[in-house]
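# What the coordinates show
Given next are the chains, with one letter for each unit.
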Amino acid sequence: MMLFTFLSLIVLLVIVCMQIRKKELIPIVFSGVISALLVCAFRIFFLFAHRVVPYSFSENFAFLLFQQALLPIILLYGLFFLISRDSLEFKVEMFLPLTASFYMIYLPFCIISSAEGLYSAFGLFVKPCLFIAMLYFLSFAAKVVMSAAKNKKFVFMILFLLLSVLYLFVPALIESMYLMTTNLFIAILCSIPYCLLPFLLFFFSKIKM
């Protein structure tokens, strides 16, 4: 049952690496993997392995948002962005390889270490899809924002910045709702448009190319 959980982000990383095909990918992917292993090791040795899920939407939402989305992405990519002396274009291009290599280890760990993760269809199948959609959209949005800023198209820039914030928040929102209701059908229904938009953006970007 865990096969999809483990393989989905690995497949995403392989596809991204095949598209970019640059030797600079190797240290980027290595950095993402090592960062994930260090974070997981820290959580194993210094924090409780299993979290008791409170019956509170706001508590679950804040926990999931900060621990599984905001902090990993902001700290991981923020450090890379500040430390790297490469061009802005390179930094933006490396967002997806870096974050995908991190989450291919960190996300399964989060799912396994959760109280219901090993027995939940949401955790095993829906959650990986949500995070794949989130990472791809954020990567796409970063490229659009960079291009819009250069061409002074501020409406597009603001639009995709707002959508990026939305895409960071929605996985935690949907999972918190699922934890409160345990209604898999509603969770899937809410996840479909969220996952569909990045797919459509990818499809239409390939048509234009």
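On a predicted model such as this, the values are computed, not experimentally measured, just so you know. Residue positions are given per chain, counted from 1 along the sequence in the order it is written. For this predicted model, a pLDDT threshold of at least 70 governs which residues receive local features, and a threshold of 80 or more governs which side-chain atom pairs are given and counted, while totals over whole chains, interfaces and linings are taken from all residues. Computation of side-chain values covers all heavy atoms of the structure but excludes hydrogens and water.

## So, the overall build of the protein chain
Put simply, DSSP marks the helices as runs of H or I at least four residues long and the strands as runs of E at least two long, and each gets a number from the N terminus on. Broken down by element type, the protein chain carries eight helices and zero strands. Along the protein chain, helices and strands appear, N-terminal first, in the series α-α-α-α-α-α-α-α. Only the C-alpha atoms count toward the radius of gyration. The rule for a globule is 2.2 Å times the residue count to the power 0.38. A globule of 209 residues ought to have a C-alpha radius of gyration of about 17 Å, and the protein chain, at 17 Å, matches this closely. Expressed as lengths along the three principal axes of its C-alpha atoms, the size of the protein chain is roughly 50 × 35 × 30 Å. A simple rule labels every residue: compare its accessible area, found with a 1.4 Å probe on the protein chains alone, to the largest value its type can have, and call it buried under 20%, exposed over 50%, or partly exposed in between. For the protein chain, buried positions account for 45% of its 209 residues. Taking the intrachain contacts of the protein chain between residues at least 6 apart in sequence as the baseline, contacts between residues at least 24 apart amount to 77%. Note on definitions: a residue-residue contact is assigned when non-hydrogen atoms from the two residues lie within 4.5 Å.

## Comments concerning the side chain of Ser56
Mapped onto the secondary structure, Ser56 falls in the loop between α2 (25-46) and α3 (57-83). Among the polar contacts listed, one links the side chain of Ser56 to the side chain of Ser58, at a separation of 3.3 Å. As used in this structure description, the phrase polar contact means that two N or O atoms lie within 3.5 Å; if the pair is within protein, one of them must be able to donate a hydrogen and the other to accept it, and residues adjacent in sequence are counted only when both atoms belong to side chains. From its side chain, Ser56 meets the backbone nitrogen of Glu59 in a polar contact 3.3 Å long.

## Thoughts on empty space enclosed by the protein
Buriedness for pockets is judged along seven lines, at least five of which must meet protein on both sides within 12 Å for an open set on the 1 Å grid over protein atoms alone, while cavities are sets there where a 1.4 Å probe fits but cannot get out, and lining residues have an atom within 4 Å of a point. Grid points are joined across faces, edges and corners, and a volume is the space filled by probe spheres set on the points. Counted according to the given criterion, the structure contains one cavity of 30 Å³ or more. By volume, the largest cavity amounts to about 40 Å³. Going through the elements one at a time, α3 and α7 (154-181) are the ones with two or more residues in the lining of the largest cavity. Residue polarity is assigned by list, with Asp, Glu, Lys and Arg as charged and Ala, Val, Leu, Ile, Met, Phe, Trp, Tyr, Cys and Pro as nonpolar; anything else, Gly included, falls into the polar class. Partitioned by chemical class, the residues of the lining of the largest cavity number five nonpolar, one polar and one charged.

## Some words on α3
Working rule for helices: expected span equals 1.5 Å times residues minus one. Between its first and last C-alpha atoms α3 spans 37 Å; for 27 residues at 1.5 Å apiece the expected length is 39 Å, and the two agree. At every residue, the bend is computed as the angle between two fitted axes, covering the seven residues ending there and the seven beginning there respectively. The principal kink in α3, of about 45°, is found at Phe66. Burial in α3 covers these residues: Asn60, Phe61, Leu64, Leu65, Gln68, Ala69, Leu70, Pro72, Ile73, Leu76, Tyr77 and Phe80. Along its buried surface, α3 packs onto α2, α4 (88-93), α5 (95-113), α6 (121-150) and α7.

## Structural notes on unusual backbone geometry
Excluding glycine, residues mostly carry a negative phi; peptide bonds, for their part, are mostly trans. A positive phi angle is found at Arg21, which is not glycine, with a value near 50°. Along the polypeptide, Arg21 turns up in the loop between α1 (3-20) and α2. Residue Arg21 is classed as exposed on the basis of its relative accessible area of 66%. With a phi angle near 60°, Lys152 is a residue other than glycine that sits in the positive phi range.

## Examining the pattern of salt bridges
Within this document, salt bridges are pairs made up of a side-chain nitrogen of Lys or Arg and a carboxyl oxygen of Asp or Glu, the two lying within 4 Å of each other. Across all of its chains, the model carries three salt bridges by this definition. Of the charged contacts in the structure, one is a salt bridge between Lys22 and Glu93, with a shortest N-O distance of 2.7 Å. One end of the pair, Lys22, is in the loop between α1 and α2; the other, Glu93, is in helix α4, with 71 residues separating them in the sequence. Look at Lys22 and you get partly exposed, because its relative accessible area is 35%.

## Here we look at a nonpolar patch on the surface
Residues with no salt bridge and a relative accessible area higher than 30% make up the patches, which join like charges within 9 Å and nonpolar side chains (Val, Leu, Ile, Met, Phe, Trp, Tyr) within 5 Å. Surface exposure here means Shrake-Rupley accessible area, sampled with a 1.4 Å probe, where a residue is shielded only by the protein chains that are shown. A cluster of nonpolar side chains, Phe185, Ile186, Ile188, Leu189, Ile192, Leu196, Phe199, Leu200, Phe203 and Phe204, forms an exposed patch at the surface whose accessible area comes to about 950 Å². Considering the arrangement of structural elements, one finds Ile188 in helix α8 (residues 184-208). In this structure Ile188 comes out as partly exposed when scored by relative accessible area, which is 35%.

## Description of the nonpolar core
Here, nonpolar core means buried Ala, Val, Leu, Ile, Met, Phe, Trp, Tyr and Cys residues that are tied together by side-chain atoms lying within 4.5 Å of each other. Core analysis: the biggest nonpolar cluster contains 66 residues, and Ile73, Tyr103 and Met134 have the highest contact counts within it. Only α1, α2, α3, α4, α5, α6, α7 and α8 provide two or more residues apiece to this core. Residue contributions to this core peak at 17 residues, all from α6. Setting aside chain neighbours within four positions, we find Ile73 in contact with Gly78, Phe95, Tyr103, Met134, Leu135, Leu138 and Leu168.

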